[in-house]
Amino acid sequence: MQELGNEKHKRRPHYSGRYPKAFREKYKELNPERYKDAAAHILAKGGTPAGTHVPIMVSEILDFLSITPGQKGLDCTLGYGGHSQKMLEKLDGSGHLYSIDADPIEIVKTTDRLRGLGYTDAIWTPVHDNFRNIDRICSAYGPFDFVLADLGVSSMQIDNPDRGFSWKADGPLDLRFDPQKGEPASIRLASLSRDEIEGMLADNSDEPYAADIARGIAKAIRQGKSPETTAQLRDIVSQAVRTSSLSSGLTGDELREAQKKSCMRTFQALRIDVNSEFEVLYEFLEKLPGILVPGGRAAILTFHSGEDRMVKKSFRYLEDEGIYQKSSRECLRPSKEECFQNPRARSAKLRRATREV
């Protein structure tokens, strides 16, 4: 047994200023269960504690899915587990929920969190997989009474600079949902031609400065300075916007806002490309009717116009084919109150479909 006094006391790292800025220094935000007052303060100000995620349009989703005890459901995008937790509460200990996540890092954390809330394998099963494989998952566990897919990027991934999802903090230019598979964004970007980069930016994010940004990235690659970090890519994008003829009349705040939006769209376009998000969604939508029981319900949250168009077209086509019941063709949007409390909800659209009986 270790003698008393031999154990070294470890102090938490100190940081400059009133509030921590570095991701790892935000020890209270990163432990919202332990520091509930700090988390509540951040949420009240319309923020999201670092390393956490606030589920979006929960009441609208639950109203449509109409979950009752004894049913079997599938959450295709587990993330922080907010939606899964609410669906498990509706099951009330009877039935089963299966939750998919392609991220090997976050699924472990969320599994520990939900197990800690008492959701044992008798009621809940996490599945490490990509939701493009719902047919395989259905063969093992389905079919399902209700299905949810939240296509937004988890806040935990955005907040952690080691994952490379955000242009705001410096880190490796990775952007993979599963860092154990595929190639990081830095390698992917270095392999593309100028025309391919421009097409990716235009197709994946409707970037108005696509040609200028592609020119800047291609030039950096030719000079042996292909961006390997988020800061390097951000600087290239910002410089391209600054020198573009499209922004010749912009100064001050207007120019900074244009640079900010182009950085957001560039990172979005590259993330979509690296993770084959459109291809994955196409497969998912094709397979979705086959995993639902007659009368089963599916809800999909989108945050990107391209994704929303794909979901809308699929639902309407399958309605016309008699596979889905006639349902509301209009999407639902989060309330003004929710958008105020959680700004990350602003671009969300909820679409719904019911399998024909």
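Scroll up to find the structure.
Here goes a summary of the coordinates provided. Owing to the predicted nature of the structure, the values given are computational and were not obtained by experimental measurement.

1. Describing the side chain of R351
Part 1: Looking at where R351 falls in the secondary structure, it is placed in strand β6 (residues 349-354).
Part 2: Given the relative accessible area of 9%, R351 is considered buried.
Part 3: A polar atom in the side chain of R351 sits 2.7 Å from the side chain of D308.
Part 4: R351 has contacts with A298, A299, I300, D308, V311, K312, F315, R329, E330 and C331, leaving out every residue within four places of it along the chain.

2. A look at the packing of helix α12 (residues 277-287) against helix α13 (residues 305-320)
How two helices sit against one another is set out by the angle between their axes and by the gap between those axes.
Part 1: Relative to each other, α12 and α13 sit at 20°, their axes nearing to 11 Å. The angle between the axes of α12 and α13 places the two elements in the roughly parallel class. The hand of the α12/α13 crossing is right-handed. For the pair α12 and α13, the contacting residues are E277, F278, L281, Y282 and L285 in the first and G306, E307, M310, V311, S314, F315 and L318 in the second.
Part 2: In the contact of α12 with α13, the residues fall into 8 nonpolar, 2 polar and 2 charged.

3. Description of the sheet that holds strand β2 (residues 96-101)
Part 1: Spatially, the 6 strands line up as an open sheet ordered β3-β2-β1-β4-β5-β6, and their pairing is mixed. In the strand order of this sheet, the two ends are held by β3 (124-128) and β6, each with one partner. Neighbouring strand axes in the sheet, compared pairwise and without regard to direction, differ in orientation by 15° on average.
Part 2: Relative to β3, helix α4 (residues 106-116) is tilted by about 175°, and along the sheet it contacts β2 and β3.

4. Comments concerning the pattern of salt bridges
Part 1: Taken as a whole, this structure holds 18 salt bridges when the rule is applied.
Part 2: As a salt-bridge pair, R215 and D212 come within 3.2 Å of each other at their nearest N and O atoms. With R215 and D212 both in helix α9 (residues 210-222), this residue pair falls 3 residues apart, about one helical turn.
Part 3: Given a relative accessible area of 18%, D212 falls into the buried group.
Part 4: D320 is paired through a salt bridge with K326; the nearest N and O atoms lie 3.3 Å apart. Both residues of the pair, D320 and K326, belong to the exposed class.
Part 5: Salt bridges linked by common partners bring R132, D135, E283 and K287 together as one network.

5. Observations concerning the side chain of S205
Part 1: Mapping S205 onto the fold places it in helix α8 (residues 194-205).
Part 2: Of note is the side chain of S205, whose polar atom sits 3.0 Å from the backbone oxygen of L201.
Part 3: Here R265 takes part through its backbone oxygen, which lies 3.1 Å from a polar atom of the side chain of S205.
Part 4: Once you skip the residues sitting within four places of it in the chain, S205 turns out to touch M200, R265, Q268, A269 and H304.

Cut-offs used in this document
- Residues numbered from 1 in each chain as written.
- Predicted model: local features only at pLDDT ≥ 70, side-chain atom pairs only at ≥ 80, totals over all residues.
- Heavy atoms only, no water.
- Helix = DSSP H or I, 4+ residues; strand = E, 2+ residues; numbered from the N terminus.
- Buried < 20%, exposed > 50% of the residue type's maximum accessible area, 1.4 Å probe, protein only.
- Polar contact = N/O pair within 3.5 Å; in protein donor to acceptor, adjacent residues only side chain to side chain.
- Contact = heavy atoms within 4.5 Å.
- Axes fitted to C-alpha atoms, helices over the stretch in contact; angles between N-to-C directions.
- Parallel < 35°, antiparallel > 145°, perpendicular 65-115°, else oblique.
- Left-handed = near helix turned anticlockwise from the far one by under 90°.
- Nonpolar A, V, L, I, M, F, W, Y, C, P; charged D, E, K, R; others polar.
- Pairing = 2+ DSSP bridges.
- Salt bridge = Lys/Arg side-chain N within 4 Å of Asp/Glu carboxyl O.

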